[in-house]
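Chain by chain, the residues:
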Amino acid sequence: QVQLVESGGGLVQAGGSLRLSCAYSGRFRSIHNMGWYRQAPGNEREWVSTITIGGTTTYADSVKGRVTISRDPDKKTMYLQMNNLKPNDTGIYLCNMEATNLFHTSSSYWGQGTQVTVSP
């Protein structure tokens, strides 16, 4: 069973920074990509950023230039460095992993999320 555990959220003033972490564990054959999503109260879940197994990164226009996604395979951890945070960045940030499971099929795994609150 694969587990994803996010951490690093909190309350920060506009303009501040946070670094989110997503530690993953469990058994799977290979990772295709990992990503971050966020969900604000009353809103749909929104894609934030993705990093492929090859290291290619992509970002939503709303965060481009302010966030950096990275992954440390040795630590089995993915990160999201967020700078110049804005109140609109407030939400629950969730970690996602797309991987090939032990049955050779693709699976999508999610963490429970970490709350980010940005005050004006």
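Notes on the structure follow. As the structure is a prediction and not an experimental result, all values here were calculated from the model. (Residues numbered from 1 in each chain as written. Predicted model: local features only at pLDDT ≥ 70, side-chain atom pairs only at ≥ 80, totals over all residues. Heavy atoms only, no water.)

**Some details on unusual backbone geometry**
So, point 1. Phi is positive for asparagine 84, close to 45°, though the residue is something other than glycine.
So, point 2. Note on placement: asparagine 84 falls in the loop between strand 8 (77-82) and strand 9 (91-100).
So, point 3. If you check the backbone angles, histidine 104 has positive phi at about 65° while not being a glycine.
So, point 4. By secondary structure assignment, the location of histidine 104 is in the loop between strand 9 and strand 10 (106-110).
So, point 5. You can call histidine 104 exposed: its relative accessible area is 58%. (Helix = DSSP H or I, 4+ residues; strand = E, 2+ residues; numbered from the N terminus. Buried < 20%, exposed > 50% of the residue type's maximum accessible area, 1.4 Å probe, protein only.)

**A short note on the sheet that holds strand 3 (residues 18-25)**
So, point 1. Reading across the sheet, the four strands line up as 1-3-8-7 and stay open at both edges, with antiparallel pairing between neighbours. Sheet topology places strand 1 (3-7) and strand 7 (67-72) at the edges, where each strand pairs with a single neighbour. Within the sheet, the average angular offset between the axes of one strand and its neighbour, ignoring direction, is 15°.
So, point 2. For strand 3 and strand 8, the ladder comprises six bridges, and the chain directions are antiparallel. Bridge pairing links leucine 18 to methionine 82 in strand 8. (Pairing = 2+ DSSP bridges. Axes fitted to C-alpha atoms, helices over the stretch in contact; angles between N-to-C directions.)

**Thoughts on the pairing of strand 7**
So, point 1. Burial along strand 7 is one-sided: Val67, Ile69 and Arg71 are buried, and none of Thr68, Ser70 and Asp72, which face the opposite way, are.
So, point 2. As judged from the six bridges shared by strand 7 and strand 8, these two strands associate in the antiparallel manner. Of the residues in strand 8, the one forming a bridge with aspartate 72 is threonine 77.

**Details of the nonpolar core**
So, point 1. Within the largest apolar cluster, 28 residues are counted, with the highest numbers of intra-cluster contacts made by Met34, Trp36, Leu80, Met82 and Met97.
So, point 2. Elements with a contribution of two residues or more to this core: strand 3, strand 4 (30-39), strand 5 (46-52), strand 7, strand 8, strand 9 and strand 11 (114-119). (Core = buried A, V, L, I, M, F, W, Y, C linked by side-chain atoms within 4.5 Å.)

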